[in-house]
Amino acid sequence: MTRAERREQLVDVARALFAERGLEGTSVEEIAIHAQVSKPVVYEHFGGKEGLYAVVVDREVRQLHEAIAGAITRPGTDPRSLIELGTMALLDYIEENTDGFRIISRDSSPYTQGGSYQTILSSIASRVEGLLAAQFSHRGFDPEIAPLYSQMLVGLVALAGQWWVDNRDVTRLAKREVATHLVNLTWNGMRQLNPHPELRLPDGQN
């Protein structure tokens, strides 16, 4: 193999191991054995498993961020379609890159420099915030609460996606079916929002 080909092979091997066992559960020796190389080859390319892990995570983070950001920033798209596009973009990534999703949604490491799953969600929520603020103003809601609702909306989709990837074999729910139910809850729930909501707790309870 060329040096570049060997590097890509190590990334692919490590990606599968990190998805199965996590960073702490994976050793340089295991990576070397699966790649059929000696341990010094891994150190030569990445300086150790932490450097290799950082490359794997940064690639996955960038790929997911670009996919979702591209889906929800299409000009001239109505709010419901944006929710559908963003939801499908996340589920597409989960379906096509299950190992990568398991890594970035589960592990948090100081060795990664390109962000994390949480930073992706925060970035997406910031984009959604502007869309919600405009809709809230149009419908007589306080636009200052848009950041809260954007976090709730993105968190709902993200957690449901994580549940789906962990339970696909049990539930047998297809990707489009999951997206349909997510959009049903988020969109129809938003359409029925009360501009002045109140809790119905008994008096005296905080």
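Starting from 1, residues in each chain are numbered consecutively following that chain's sequence as written. The predicted origin of the model limits local features to residues at a pLDDT of at least 70 and limits the giving and counting of side-chain atom pairs to 80 or more, whereas totals for whole chains, interfaces and linings rest on all residues. Each side-chain value is derived from all of the structure's non-hydrogen atoms; neither hydrogens nor water enter the calculation.

- The chain is annotated in an unreviewed UniProt entry as TetR/AcrR family transcriptional regulator of Propioniciclava tarda.

### Remarks on the pattern of salt bridges
Inference 1: The salt bridge definition used is simple: a Lys or Arg side-chain nitrogen within 4 Å of an Asp or Glu carboxyl oxygen. Within this structure, the stated rule accounts for nine salt bridges.
Inference 2: Its salt-bridge partner being Asp 92, residue Lys 175 comes within 2.5 Å of it at the nearest N-O pair. Residue Lys 175 is found in helix 9 (residues 175-191), and its partner Asp 92 is found in helix 5 (residues 79-96); the two are separated by 83 residues along the sequence.
Inference 3: Between buried and exposed lies partly exposed: a residue is buried under 20% and exposed over 50% of the maximum accessible area for its type, with that area taken using a 1.4 Å probe on protein chains only. You can call Lys 175 buried: its relative accessible area is 17%.
Inference 4: Taking the shortest distance from any N to any O, the salt bridge between Asp 166 and Arg 102 comes out at 3.1 Å. Residue Asp 166 is located in helix 8 (residues 146-171), and its partner Arg 102 is located in helix 6 (residues 98-106); the two are separated by 64 residues in the primary sequence.
Inference 5: It is possible to trace a salt-bridge network through shared partners that takes in Glu 20, Arg 21 and Glu 30. Under the scheme used here, helices are H or I runs from DSSP no shorter than 4 residues and strands are E runs no shorter than 2 residues, and both carry numbers assigned from the N terminus.

### Thoughts on the environment of Leu 121
Inference 1: When you line up the elements, Leu 121 lands in helix 7 (residues 117-138).
Inference 2: Taking the C-alpha atoms as reference, Leu 121 lies 15 Å from Leu 85; in sequence the two are 36 residues apart.
Inference 3: In contact with Leu 121, not counting residues within four places along its chain, are Val 154 and Ala 158. Contacts are assigned to residue pairs with any non-hydrogen atoms lying within 4.5 Å of each other.

### Comments concerning the packing of helix 8 against helix 9
Inference 1: Inter-axis angles, ranging from 0 to 180 degrees, are taken between N-to-C directions of lines fitted to C-alpha atoms, where helices are fitted over the stretch in contact. Remark: helix 8 packs on helix 9, axes separated minimally by 11 Å, with the N-to-C direction vectors making an angle of 155 degrees. In terms of orientation, helix 8 lies roughly antiparallel with respect to helix 9. As for the relative orientation of helix 8 and helix 9, their crossing is right-handed in sense. Across the interface between the two elements, Leu 153, Leu 156, Val 157, Ala 160 and Trp 164 from helix 8 touch Lys 175, Val 178, Leu 182, Leu 185, Thr 186 and Met 190 from helix 9.
Inference 2: Residue composition of the contact of helix 8 with helix 9, grouped by class: nine nonpolar, one polar and one charged. Roughly parallel means an angle under 35 degrees; roughly antiparallel, over 145; roughly perpendicular, 65 to 115; everything else is oblique. By the definition used in this description, the sense in which the near helix is turned from the far one sets the handedness, with an anticlockwise turn below a right angle giving left-handed and a clockwise turn giving right-handed. Residue polarity follows a fixed list, in which Ala, Val, Leu, Ile, Met, Phe, Trp, Tyr, Cys and Pro are nonpolar, Asp, Glu, Lys and Arg are charged, and the others, Gly among them, are polar.

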